[in-house]
Amino acid sequence: MNAAPTPLNFSPMHRALDLARQALWLTSPNPRVGCVITAPDGTVLGEGHTQRAGGPHAEVMALRDAAQGGHSVHGATAWVTLEPCAHQGRTGPCCEALAAAGVGRVVAALTDPNPQVAGQGLARLQAAGVQVHSLDANDPLALQARELNIGFFSRMERGLPWVRMKLAASIDGQTALANGQSQWITGPEARADGHAWRARACALLTGIGTVLADDPQLNVRGLPVPRQPHLVVVDSRLDMPLNAQLLDTQGTGEQARQIWIYTALPQPTPEQSAKRAALSARGVQVIDCAGPGGKVDLAALLRDVAQREVNELHVEAGFKLNGSFMRESLVDEWLLYMAPQWLGPGQGMAHLPALSELDHALKLQFHAVDRVGQDVRLLLRPVRAGASGV
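> Explain the overall build of the chain here, please?
From N to C terminus, the chain includes eleven helices and 17 strands. Relative to a compact globule of 390 residues, whose C-alpha radius of gyration would be 21 Å, the chain shows 23 Å and is just as compact. Over its C-alpha atoms, taken along the principal directions, the chain stretches across nearly 65 × 45 × 40 Å. Every one of the 390 residues in the chain was classed for burial, and the buried ones make up 50%. If you sum the accessible surface of the chain, you get close to 17,800 Å²; carbon and sulfur atoms cover 52% of it.

Take a look at the structure:
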């Protein structure tokens, strides 16, 4: 925060994006937004980023920062990574706060895809006499702002979360030995990085097979996170053990972790009904989402978790469930850590049918390639004709 005006020796929108990144683990289900307010002579008067859901948004934080420094924002420019909101939600409309403060101009990296906003924030500012401008959608800074909120855009535009599948494998594509041993294929740096990616998600998803085999906690560890992602378990027959470790990771208070178990039990047995009641008594929601063949309808599950305000869904599952997601074209992005070792025959990344033609392969594109410790992290997205991103 600024106690005195700071000479502007950087792009204010770049700085706003840096602030938005500081909110990466914080704001869900709200978008990660940064705001910088500059004087007509180019000095920074205030800055801030969106706080936890229910807390102030970036624009209000920047206005407060300017006020605490004793700076007037009359005639100033607000640089914000997403259009100021125009609706009354957990907080008031940011467009009104900016107009009331006397800001003379607002530059937004992107318009808000939320139907409750969708240009109305900028329109109301303009009606109040404020100059408004938004970047072209293909501007590099606008693309960065969209990437920061790719799940929010996905939920608003498609009614679906952004599905990111995380995998850790040897260089020959094995996620475990034939006997199931998998700890650890990748190094400590890659594992820590994986927890950072968990932290940015609204929810983690796994299958009951992973729960029964590994009894994981499936939470974020080793990082000072302000909240734990919610948890989704695909469990067709409700085989969830009542002593599973993940059931003890809910926490308490406003930031308590929700656990949602999706089943395919339109007519549960008495035993299954009793287990459902026991889980419900512990605050776990059991949701029937039956599809063909006694399996959970994964597409319907994704629509349902979007209704529960899940922007980014981080999948860490076994090769069978991975294969189901991939066969149904439900994966938006793969987060793949490749370790520099050969394992030979073992367990692969996804259970997929054999192809008879190379042209039938699922075509991917490299979105990012980075070294993490001794491993390589690949961010891959499917090649979709006529589309980029969400």
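We are not done yet, so read on.
> Would you mind going over the nonpolar core with me for this structure?
Note on soluble globular proteins: their nonpolar side chains tend to be buried together. Within the largest apolar cluster, 42 residues are counted, with the highest numbers of intra-cluster contacts made by Met 13, Ile 37, Val 73 and Val 106. Sort the elements by how many residues they give to this core and helix α1 (residues 12–22) lands first, with five residues. Not counting the four nearest positions on each side in its chain, Val 73 is found in contact with Ile 37, Leu 45, Leu 63, Ala 66, Ala 101, Gly 102 and Val 103. Within the second largest apolar cluster, 34 residues are counted, among which are Ala 169, Leu 205, Met 326 and Leu 378.

> How do you make sense of the packing of helix α5 (residues 140–148) against helix α6 (residues 150–158) when you look at a structure like this?
Packed helices, taken two at a time, are described by the angle between their axes plus the distance between the axes. The interhelical angle for the contact between α5 and α6, taken along N-to-C directions, is 80°, at an axis separation of 4 Å. As judged from the angle between their axes, α5 and α6 are roughly perpendicular. Across from Arg 146, Glu 147 and Leu 148 in α5, the residues of α6 making contact are Ile 150, Phe 153 and Glu 157. When its residues are assigned to classes, the contact of α5 with α6 shows three nonpolar, no polar and three charged.

> For this particular structure, what's the right way to read the packing of aromatic side chains?
When we look at a pair of aromatic rings, we describe it by the centre distance and by the angle of the planes. By the definition in use, this model includes zero aromatic pairs. Arg 308 extends its terminal NZ or CZ atom over the ring of Trp 260, reaching a point 5.4 Å from the ring centre.

> Hey, could you run me through the pattern of salt bridges in this one?
Where charged atoms of side chains with opposite charge meet at close range, the side chains can pair. The final tally for this structure, using the stated rule, is 17 salt bridges. Residue Asp 193 is joined to Arg 377 by a salt bridge in which the shortest nitrogen-to-oxygen separation is 2.8 Å. Note that Asp 193 is positioned in helix α7 (residues 188–200) and Arg 377 in strand β17 (residues 375–382), a separation of 184 residues in sequence. We note that Asp 193, like Arg 377, is buried. Salt bridges linked by common partners bring Arg 32, Glu 147, Arg 164, Arg 200, Glu 312, Glu 333 and Arg 381 together as one network.

> I would appreciate a short explanation of the sheet that holds strand β12 (residues 285–288) in the present structure.
Two modes of strand pairing occur in sheets, parallel and antiparallel, and in both the strands are linked by backbone hydrogen bonds. Pairing is mixed across the open sheet formed by nine strands, whose spatial order is β12-β11-β10-β9-β13-β7-β14-β17-β16. Looking along the sheet, the strands with just one partner apiece sit at the ends: β12 and β16 (364–372). Between one strand axis and the next, the sheet turns through 20° on average, direction left out of account. Pairing of β16 with β17 involves eight bridges; the strand directions are antiparallel. Among the inter-strand pairings, Arg 371 is bridged to a residue of β17, identified as Val 376. Together, β7 (162–170), β9 (203–207), β10 (230–234), β11 (259–263), β12 and β13 (312–315) form the strand contacts of helix α10 (residues 298–307), whose direction differs from that of β10 by roughly 165°.

> Is there a simple way to think about the layout of surface pockets in this case?
The probe, sized like a water molecule, is rolled over the atoms to show the empty space still left. In this structure, the second largest pocket spans a volume of roughly 510 Å³. When residues of the lining of the second largest pocket are traced back to their parent elements, those giving at least two are β7, α11 (319–327), β14 (333–339) and β17.

What counts, and where the lines are drawn
- Residues numbered from 1 in each chain as written.
- Predicted model: local features only at pLDDT ≥ 70, side-chain atom pairs only at ≥ 80, totals over all residues.
- Heavy atoms only, no water.
- Helix = DSSP H or I, 4+ residues; strand = E, 2+ residues; numbered from the N terminus.
- Rg over C-alpha atoms; globule rule 2.2 N^0.38 Å.
- Buried < 20%, exposed > 50% of the residue type's maximum accessible area, 1.4 Å probe, protein only.
- Areas by Shrake-Rupley, 256 points an atom, 1.4 Å probe, with all protein chains shown as cover.
- Core = buried A, V, L, I, M, F, W, Y, C linked by side-chain atoms within 4.5 Å.
- Contact = heavy atoms within 4.5 Å.
- Axes fitted to C-alpha atoms, helices over the stretch in contact; angles between N-to-C directions.
- Parallel < 35°, antiparallel > 145°, perpendicular 65-115°, else oblique.
- Nonpolar A, V, L, I, M, F, W, Y, C, P; charged D, E, K, R; others polar.
- Phe/Tyr/Trp six-rings, centres within 6.5 Å; stacked < 30°, edge-to-face > 60°.
- Lys NZ or Arg CZ within 6 Å of the ring centre and 35° of its normal.
- Salt bridge = Lys/Arg side-chain N within 4 Å of Asp/Glu carboxyl O.
- Pairing = 2+ DSSP bridges.
- 1 Å grid on protein atoms, 1.4 Å probe; cavity = no way out; pocket = protein on both sides within 12 Å on 5 of 7 lines; lining within 4 Å.
- Points joined across faces, edges and corners; volume = space filled by probe spheres on them.

All quantities given are derived from atomic positions and should not be read as evidence of function.
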